[in-house]
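# Architecture at a glance
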Amino acid sequence: MAKRVRRPLSVLIKPASSRCNLRCTYCFYLEKQEIYPWKDHPALTIETFRTFCEQYAAVSPMLAFNWQGGEPTLMGLDFFREAVAIQREVADAASNGRTVPITNALQTNGTLLNEDWAQFLRDNGFLVGISVDGPAEWHDTYRYDTRGRATHSKVLHALDLLRARDVPFNILTVVSQSNVERPRELLHYLVDNDLYDLQFIPCMERLPAEHPHVGELTDYSITPEQYGRFLTDVFDEWVKIGYHKLRIRYFDNIIQMALGLPAEMCQLAVSCGYLVLEHNGDIYPCDFFVEPEWVLGNVHEQTIADMVSGPLFRQFNDMKPEVNEECTRCQWRPLCHGECPRYRINGGGSHNELTYFCSSYKQFFSATWSRMARVADEVGRVRALEQGIPLPVRQPAPAVAAAAPTQHHVGRGAIRPQPVMGRPAAGSMAKVGRNAPCPCGSGKKYKRCHGRS
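Below is a short write-up of the structure. Here the residue index of a chain counts from 1 through its sequence in written order. Local features in a predicted model are, by the rule used here, given only for residues with pLDDT of at least 70; side-chain atom pairs are given and counted only at 80 or more, and totals for whole chains, interfaces and linings are based on all residues. Only heavy atoms go into the side-chain values, all of them from the structure, while hydrogens and water stay out.

Here helix H5 (residues 152-164) spans 19 Å end to end across 13 residues, near enough to the 18 Å set by a 1.5 Å rise per residue. For H5, every residue scored as buried is listed here: His 152, Val 155, Ala 158, Leu 159, Leu 161 and Leu 162. Buried residues belonging to H5 abut helix H3 (115-123), strand S4 (127-131), helix H4 (136-142), strand S5 (169-175) and helix H6 (183-192). The positive-phi residue at the C-terminal boundary of H5 is Asp 166, with phi of around 60°. In DSSP terms, a helix is any run of H or I states spanning at least four residues, a strand is any run of E spanning at least two, and both are numbered starting from the N terminus. The span one expects for a helix is its residue count, reduced by one, times 1.5 Å. Between buried and exposed lies partly exposed: a residue is buried under 20% and exposed over 50% of the maximum accessible area for its type, with that area taken using a 1.4 Å probe on protein chains only. When checking whether two residues touch, look at their non-hydrogen atoms; a contact exists if any pair is within 4.5 Å.

This is the structure:
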């Protein structure tokens, strides 16, 4: 019998598989209908979800559910009401006198949300991710419905619904040819619309096997040079706006690593691998690798404990650390770890090839590291002041130590847990003199920054 595993695990749940009411040009998951045909109307049953929850609670001390698709809201509110009730039942049964934390995050295109959905999300503490690619002319280039109709206005309506119910949400933006050359405009559009918690996902897809130019990049994919410039320009604007006001997930994670803390993004972790639950109970180690050769098992046939202790999951965990020889000599490896294996093998090569975006990150870190390190120092001072802890010691970039890896890595496009940074709490500044520099690192006097709030 496999050794019993108990460690934090994050899961992505695909309750409707790849089914979606949109046909976004760049969506990589739509093609999964070849594995789970839409004609079979794939939908997660409550019975399968209960089985999964019971097995999940047996291996993880916390239950972190990230609902994705396709479009998960196609399942309807009644399904989610039942699912939340089952989570609580299972957590209570597994508690043994302790509290089992439960979190829920929903990644959605937003077009099916209404007031009932917003109230449910608020009542049940969901964190929501909404996809916005910029102004309408950029967003609607690749994000349209099954009839080719624009979706931007519906997304803005969804954001208004969430704000009206005080539902917390993050914004996910795919960086494609529609917006990659206008990073500063994109960032200011988001900020001008009061969107301050952001994640950027670079678009890189290759033409499929049936295409005469198989393996070549699609016309909506971006180049490494474009992405390197994009990250650098966004960073420049982010510094001007202020890290305490504008949150960007990738930058947050780099700063956490600079402070000696582990990244919560699997992209930046030393090793990767989380759980993906497909509608029928199949389990995979990553939604980029939902392929027949990577299915770990099915919850109706074996337990999650056996799957995560088994050789295939270990093989996946071990894949990322096997970096390219050039990575072993790179000063930025402690901030990259070879990036996502999907971007290494997307061209049909091996898992230890250089990542497609390797030159992007070299360009970005070379241009911004000294300023990023200063922000990390400022964040460390604020945390120390707030929490009464010693100042963290930051090392120069080549010596940044990789924090001990965990198995609570949050996958691509997932909603992040509470990060390190944030606006300083009012009570934490009580001992700061009014004319002293504000600990947030803005460069202003305390009385003219957080001291006046």
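The next thing to look at is the pairing of strand S2 (residues 63-67). Across the 5 residues of S2, 5 count as buried, placing the element largely inside the fold. Residues Leu 63, Phe 65 and Trp 67 of S2 are buried on one face, and the alternating residues Ala 64 and Asn 66, pointing to the opposite face, are buried as well. The parallel pair strand S1 (residues 10-14) and S2 is bridged by helix H1 (residues 46-59), and the resulting crossover is right-handed. The sheet contact formed by S2 and strand S3 (residues 102-108) spans 5 bridges and is parallel. Call a crossover right-handed when, viewed with both strands pointing away from you, the route from the first strand across the helix to the second goes clockwise. We treat two strands as partners when DSSP finds at least two bridges between them.

Once that is clear, we can look at the packing of H6 against helix H7 (residues 224-241). In this analysis an axis means a line fitted to C-alpha atoms, helices contributing only their contacting stretch, and an angle means the value between N-to-C directions, from 0 to 180 degrees. With their axes 8 Å apart at the nearest point, H6 and H7 run at an angle of 40° to one another. Accordingly, the angle class assigned to the pair H6 and H7 is oblique. Seen from above, H6 lies across H7 with right-handed handedness. Across the interface between the two elements, Pro 183, Arg 184, Leu 186, Leu 187, His 188 and Val 191 from H6 touch Phe 230, Asp 233, Val 234, Asp 236, Glu 237, Trp 238, Lys 240 and Ile 241 from H7. The residue makeup of the contact of H6 with H7, split by class, is 8 nonpolar, 1 polar and 5 charged. Angle categories are assigned with fixed cut-offs, so that under 35 degrees is roughly parallel, over 145 is roughly antiparallel, 65 to 115 is roughly perpendicular, and the rest are oblique. For any pair of crossing helices, the crossing counts as left-handed if the nearer helix is rotated counterclockwise from the farther one by less than a right angle, and right-handed if it is rotated clockwise. Each residue is assigned to one class: nonpolar for Ala, Val, Leu, Ile, Met, Phe, Trp, Tyr, Cys and Pro, charged for Asp, Glu, Lys and Arg, and polar for all the others, Gly among them.

This part is about the packing of helix H2 (residues 77-94) against H3. In the contact formed by H2 and H3, the axes pass within 11 Å of each other and the chain directions differ by 10°. As summarised for this structure, H2 and H3 are arranged roughly parallel, according to the angle between their axes. For the pair H2 and H3, contact is made by Leu 77, Phe 80, Arg 81 and Val 84 and by Asp 116, Trp 117 and Phe 120, respectively. Here the residues of the contact of H2 with H3 are counted per class, giving 5 nonpolar, no polar and 2 charged.

Let us look at the packing of aromatic side chains. A pair of Phe, Tyr and Trp rings is counted when the ring centres sit within 6.5 Å of each other, with Trp represented by its six-membered ring. The angle between the planes then sorts it: under 30 degrees is stacked, over 60 is edge-to-face, the rest tilted. Evaluation of the coordinates by the stated rule reveals 36 aromatic pairs. When the centroid spacing of 5.8 Å and the interplanar angle of 55° are considered together, the rings of Phe 49 and Phe 65 count as tilted. Residue Phe 49 is located in helix H1, and its partner Phe 65 is located in strand S2; the two are separated by 16 residues in the primary sequence. By the burial criterion, Phe 49 is buried, and Phe 65 matches it. Their ring planes at 90° and their centres at 6.1 Å tell us that Trp 117 and Phe 120 sit as a pair that is edge-to-face. In this pair, Trp 117 and Phe 120 both sit in helix H3, 3 residues apart, roughly one turn of the helix. The buried category is assigned to Trp 117, whose relative accessible area is 5%. You can call Phe 120 buried: its relative accessible area is 6%.

The next point concerns the sheet that holds S3. One open sheet accounts for 10 strands, arranged S7-S6-S5-S4-S3-S2-S1-S8-S9-S10; its pairing is mixed. For this open sheet the edge positions go to strand S7 (247-248) and strand S10 (297-298), each flanked by a neighbour on one side alone. Here S5 runs beside strand S6 (residues 197-202); their pairing, made up of 5 bridges, is parallel. Following the sheet pairing, Val 175 is matched in S6 by Pro 202. Sheet strands in contact with H6 are S5, S6 and S7, and its direction is about 145° off that of S6.

So, on to the side chain of Lys 14. Relative to the elements of secondary structure, Lys 14 occurs in strand S1. Engagement of the side chain of Lys 14 in a polar contact is seen with the backbone oxygen of Gly 69, the distance being 2.9 Å. Under this definition, polar contacts are N or O atom pairs within 3.5 Å; protein pairs additionally need one hydrogen-donor-capable and one acceptor-capable atom, and for neighbouring residues in sequence, both atoms have to be side-chain atoms.

Within the secondary structure, Ala 64 sits in strand S2. Overall, the relative accessible area of 5% leaves Ala 64 in the buried class. Taking the C-alpha atoms as reference points, Ala 64 and Leu 12, 52 residues apart in sequence, are found 8.7 Å from one another.

Peptide bonds are trans in most cases, and residues, glycine excluded, mostly fall at negative phi. In this structure, the amide linkage connecting Gly 69 to the following residue, Gly 70, adopts the cis form with an omega of 10°. The topology assignment puts Gly 70 in the loop between S2 and H2. The phi angle at Asp 166 is positive, at roughly 60°, despite the residue not being glycine. One non-glycine residue with positive phi stands out, namely Glu 339, at about 60°. Residue placement: Glu 339 occurs in the loop between helix H11 (325-328) and helix H12 (342-345).

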